[in-house]
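This is what each chain is made of:
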Protein chains: 2
Amino acid sequence: MRRHCPSLVALQAFEAVATHGSLTRAAQSLHISQGAVSKQIKQLETFLTIELFQRQRYGLELTAAGQRYLQEIAPALSRIEAASLEAMAPPVKGGELRITCMPTLGAKWLIPKLPDFFQHWPEINLTFLPHRYGYDFSTPQVDASMRFGDGVWPDCQADYVVGRAIVPVAKPGVFSLPVASPEQLAALPLLQHVSAPHAWHDWMHAVAAHPKQLNTGPSFDQFSLLTEAAIAGLGVALIPACLIEEELRSGKLEQVYDMAILDRQGYYLCYPPDRAELPELQVFRAWLREQGLENQARMRLASMHHSPGLPAPE
Amino acid sequence: MRRHCPSLVALQAFEAVATHGSLTRAAQSLHISQGAVSKQIKQLETFLTIELFQRQRYGLELTAAGQRYLQEIAPALSRIEAASLEAMAPPVKGGELRITCMPTLGAKWLIPKLPDFFQHWPEINLTFLPHRYGYDFSTPQVDASMRFGDGVWPDCQADYVVGRAIVPVAKPGVFSLPVASPEQLAALPLLQHVSAPHAWHDWMHAVAAHPKQLNTGPSFDQFSLLTEAAIAGLGVALIPACLIEEELRSGKLEQVYDMAILDRQGYYLCYPPDRAELPELQVFRAWLREQGLENQARMRLASMHHSPGLPAPE
DNA sequence: AGATCTTACGAACAGCGTAAGGATA
DNA sequence: TATCCTTACGCTGTTCGTAAGATCT
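The rules behind each value
Residues numbered from 1 in each chain as written. Chains lettered and ligands numbered in written order. Predicted model: local features only at pLDDT ≥ 70, side-chain atom pairs only at ≥ 80, totals over all residues. Heavy atoms only, no water. UniProt positions renumbered as here; feature names shortened; annotations may be inferred. Domains from an automatic or database assignment. Salt bridge = Lys/Arg side-chain N within 4 Å of Asp/Glu carboxyl O. Helix = DSSP H or I, 4+ residues; strand = E, 2+ residues; numbered from the N terminus. Buried < 20%, exposed > 50% of the residue type's maximum accessible area, 1.4 Å probe, protein only. Pairing = 2+ DSSP bridges. Axes fitted to C-alpha atoms, helices over the stretch in contact; angles between N-to-C directions. Contact = heavy atoms within 4.5 Å. Near = heavy atom within 4 Å. Polar contact = N/O pair within 3.5 Å; in protein donor to acceptor, adjacent residues only side chain to side chain. Nonpolar A, V, L, I, M, F, W, Y, C, P; charged D, E, K, R; others polar. Least-squares fit on C-alpha atoms with pLDDT ≥ 70 in both. Buried area = accessible area lost by both parts, 1.4 Å probe. Left-handed = near helix turned anticlockwise from the far one by under 90°. pLDDT = per-residue confidence, 0-100. Phe/Tyr/Trp six-rings, centres within 6.5 Å; stacked < 30°, edge-to-face > 60°. Lys NZ or Arg CZ within 6 Å of the ring centre and 35° of its normal.

Chain A is annotated in an unreviewed UniProt entry as LysR family transcriptional regulator from Pollutimonas subterranea. Entered under Sequence similarities (unreviewed entry) in the UniProt record, the comment concerning chain A runs "Belongs to the LysR transcriptional regulatory family."

Trainee: Give a description of the domain arrangement of chain A that names residues and reports values.
Mentor: As far as domains go, chain A holds domain 1 (8–88), domain 2 (96–163 + 266–302) and domain 3 (165–262). Taking only C-alpha atoms, the centre of domain 1 of chain A and the centre of domain 3 of chain A are 31 Å apart.

Trainee: How would you summarise the pattern of salt bridges if you had to cite specific residues and measurements?
Mentor: Residue and element names in this part refer to chain B. Under the definition given, this model contains 24 salt bridges over all chains. The closest approach of N and O atoms between E81 and R289, which form a salt bridge, is 3.4 Å. Residue E81 is found in helix α4 (residues 64–87), and its partner R289 is found in helix α10 (residues 279–297); the two are separated by 208 residues along the sequence. The class of E81 is buried, set by a relative accessible area of 0%.

Trainee: Tell me about the sheet that holds strand β3 (residues 96–100) of chain B, and please be specific about residues and values.
Mentor: All names here are of chain B. Pairing is mixed in the open sheet, where 5 strands are placed in the order β4-β3-β5-β13-β6. This sheet does not close on itself; its edge strands, each paired only once, are β4 (125–128) and β6 (157–162). Strand-to-strand twist in this sheet, taken as the mean axis angle between neighbours without regard to direction, amounts to 30 degrees. The strands that helix α5 (residues 103–120) touches are β3, β4, β5 (144–149), β6 and β13 (266–271); relative to β4, the one it contacts most, it runs at about 170 degrees.

Trainee: Give me the protein's contact with DNA strand D: which residues, what numbers.
Mentor: DNA strand D sits among 22 residues. The nearest are A:T24, A:R55, B:S33, B:Q40 and B:Q43. Expressed as a percentage, the sugar and phosphate content of the atoms of DNA strand D within 4 Å of the protein is 64%. A distance of 2.6 Å separates a phosphate oxygen of DNA strand D from a polar side-chain atom of A:T24. Taking A:S38, its side chain carries an N or O atom lying 3.2 Å from a phosphate oxygen of DNA strand D. Mapped by element, the contributors of at least two residues to the surface near DNA strand D are α2 (23–30), α3 (34–48) and β2 (59–62) of chain A together with α3 (34–48) of chain B. By residue number, the principal contributor to the surface near DNA strand D is α3(A), which donates 5 residues. Partitioned by chemical class, the residues of the surface near DNA strand D number 5 nonpolar, 11 polar and 6 charged.

Trainee: Can you tell me about the relation of the copies chain B and chain A, naming the residues and giving the values?
Mentor: Under the fitted operation, chain B is carried onto chain A by 0.0 Å of movement along the axis and a turn of 180 degrees, and the coordinates agree to an RMSD of 0.1 Å. Here the symmetry operator amounts to a two-fold rotation axis. If distances are taken from each C-alpha of chain B to the rotation axis, the shortest is found for B:A76, at 2.3 Å. An overlap of 100% is found between the interface residues of chain B and their copies at the interface of chain A, pointing to a shared contact surface.

Trainee: An account of the UniProt feature "domain: HTH lysR-type" (unreviewed entry) in chain A is needed here, citing residue identities and associated values.
Mentor: Feature annotation in UniProt places "domain: HTH lysR-type" (unreviewed entry) on residues 6–63 of chain A, given in this structure's numbering. The annotated region residues 6–63 of chain A carries 62% helix and 14% strand content, and the separation between its end C-alpha atoms amounts to 19 Å.

Trainee: Give a description of the interface of chain B and chain A that names residues and reports values.
Mentor: In many reports, interface size means the accessible area that the parts give up when they come together. Facing the 37 residues of chain B at the interface are 37 residues of chain A. Here chain B packs against chain A, burying approximately 3600 Å² in sum over the two surfaces, 60% of which is carbon and sulfur. For the pair chain B and chain A, the number of links is 2 salt bridges. For A:E72, the salt bridge identified is with B:R79, shortest N-O distance 3.2 Å. Along the contact surface separating chain B from chain A lie 4 residue pairs in polar contact (both at pLDDT 80 or more). Mapped by element, the contributors of at least two residues to the side of chain B that touches chain A are α1 (8–20), α2 (23–30), α3, α4 and α10 of chain B. For the side of chain B that touches chain A, the element with the most residues is α4(B), which contributes 12 residues. Among the residues forming the side of chain B that touches chain A, the class breakdown is 18 nonpolar, 9 polar and 10 charged.

Trainee: Account for the side chain of B:H4, naming residues and giving values.
Mentor: One can find B:H4 in the segment before α1. Not counting residues within four places of it along the chain, the set of residues in contact with B:H4 comprises A:E81, A:S84, A:M88, A:E277, A:Q282, A:R285 and B:F47.

Trainee: Help me get a handle on the environment of A:G173, residues and values and all.
Mentor: For A:G173, the position within the fold is in the loop between β7 (165–170) and α6 (182–185). Linking A:G173 and A:S22, residues 151 residues apart in sequence, is a C-alpha distance of 41 Å.

Trainee: Let's hear about the packing of helix α1 (residues 8–20) of chain A against helix α4 (residues 64–87) of chain A: which residues, and what values?
Mentor: Residues and elements named next belong to chain A. Close contact between α1 and α4 brings their axes to 10 Å; oriented N to C, the two are set at 120 degrees. Crossing hand, α1 versus α4: left-handed. Note on element contacts: α4 touches α1 through G66, Y69, L70, I73, A74 and L77, opposite L8, L11, Q12, F14, E15 and A18. Considered class by class, the residues forming the contact of α1 with α4 number 9 nonpolar, 2 polar and 1 charged.

Trainee: Describe in detail the confidence of the model for chain A, supporting the description with residues and values.
Mentor: Mean pLDDT over chain A: 86, with 92% of residues reaching 70 or higher. pLDDT under 50 marks residues 305–312 of chain A. Its contacts with residues more than four places away, or in other chains, come to 33 contacts.

Trainee: Pulling in residues and values, what's your account of the packing of aromatic side chains?
Mentor: To describe a pair of aromatic rings, one takes the distance between the centres and the angle between the planes. All names here are of chain A. Applying the stated criterion to the full structure yields 22 aromatic pairs over all chains. Centre to centre, the rings of W203 and Y257 are 5.8 Å apart; their planes meet at 85 degrees, and the pair counts as edge-to-face. Of the two residues, W203 is situated in helix α7 (residues 199–206) and Y257 in the loop between β11 (254–255) and β12 (260–262); the sequence distance between them amounts to 54 residues. When sorted by exposure, W203 lands in the same class as Y257, which is buried. Cluster of aromatic residues (ring-pair linked, three or more members): F117, F118, F284 and W287. The cationic tip of R164 hangs over the ring face of Y160; the distance from NZ or CZ to the ring centre is 5.2 Å.

Here you go:
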């Protein structure tokens, strides 16, 4: 049976452009030229006879059809890559992988998911080095590191994992929630992250709301404090969804408006080019990517690729 | 991020060879040369550094690793194709598709699944023509037809859908079931399909059992009668799993040994080459394929590519 | 002999990088 | 001007078909 499928490289390019919101950065992440990506996207759009992206100043944004397509394609790509890695000769017994990770992300997101990783890859010996080792790959101690940022670091490959989806949350029952419109939110106490004073403005912009004034509340310098403040009922906070999965599940927090925004910054897995071929790292990378995708699949997203973004948290 | 994936064409070739059990027939179904398929498979095996198939006289058989790989890859491919078709410009409003279908398959398998099809493709007007119209595509009345056979018909493209997985079933509680070994089955009354007197021999062979004698019971000339006989508690019957989904679910029948065999014959969607590009047909074909895959995913399979196979049923 | 898989060779095509062109603020 | 996307050209590697070779019954 002849299949009517686009090529895998085109789909990978599509996914990269969709998550990065830009041909240039997608090309960087794919390690190919920007012109090549442009052509792949165009070819894919011609094949499907639809527009996947809306061309804009400074980047491309997914159309509605593009979003639907991405939601089907991304998990399929992920599954193919994971299955291929799993099918390959398994890594050497006792394979080692040494990483560092930001404390909040580790506690709230990564560690809870590790049992699944060890179930698939019992031979891989994963070691968390002290976070203060940072991302100095010059010593042989650290193989990879979970960092926060926009995915561009010198001398460093970076694969997006999770954290760009930001949701507004509050303690259930304190305010009359969830609200019907973003404008109603503006009147509630809006908790701030000191390093991201524009976060609420950006959010309002991304959901196309234009309140006259924002009721700014107290500020905090870490997401963990912001989380606790929201749980205490002090107001509404903008927090990466991946850091409050447990709180949302258990009902300690509630999403107050069903729209996440896609910030430009997020948690990336970084590693030096010379470790890219390490089998244990490839396996970990593919697994991380699948975990990150699951997070994203469930949310309604308003994209905001070119906002200033939030600063490094914690 | 650079991905370590094989190419899509290689994966499609892999899937085709796996379902057909032969390079030659896979090549026919893909409409490319047999040498090309051979090379794709070899390249894929080199890429994964594992053996996907065991080369045998008259064909190739999946290795255990190959089976695991197929179970991940096939749904992913299916999803990509379905998403791509859905993303394309939707078929013209009021698109027509006229098919014929064998009565038992229609009643037991296809019709119950149609609500899902119409949900995805409300614009497509699907018409079931009388089965006696058969598969005469010379008149413009019939676009495609569900046929039973081994997938090779002259002047006709044929995509495998479902029906090759055969399971032994009986009424619960009548015998002491399920049995621990295939040999114990040989002593129970084995219901026969008159046109497939070797079915039970083949099944025993496929599961590597060698009973001294088979306790052959009454014979029937249609699967629907065989099904009713099994429900009545007359004995154990070998029936395509897709024809007794409802009976297994409701407990009217029970699978007596947890091993299906993959017969060479099954239900195929056939259509003339000049209708292959009909958008409505492509959509229907991709949807059928997904439905068929779901059936297969749940079973333990012992393959039996080169048995004589069962005759056309009903 | 008959069926099947493997391999070799040349042709066609797809994917890439470089680099020039065009649009927008 | 600066940034980003688009397009053109030529190179490279991949995929294909044809067809001959190998193997097994």
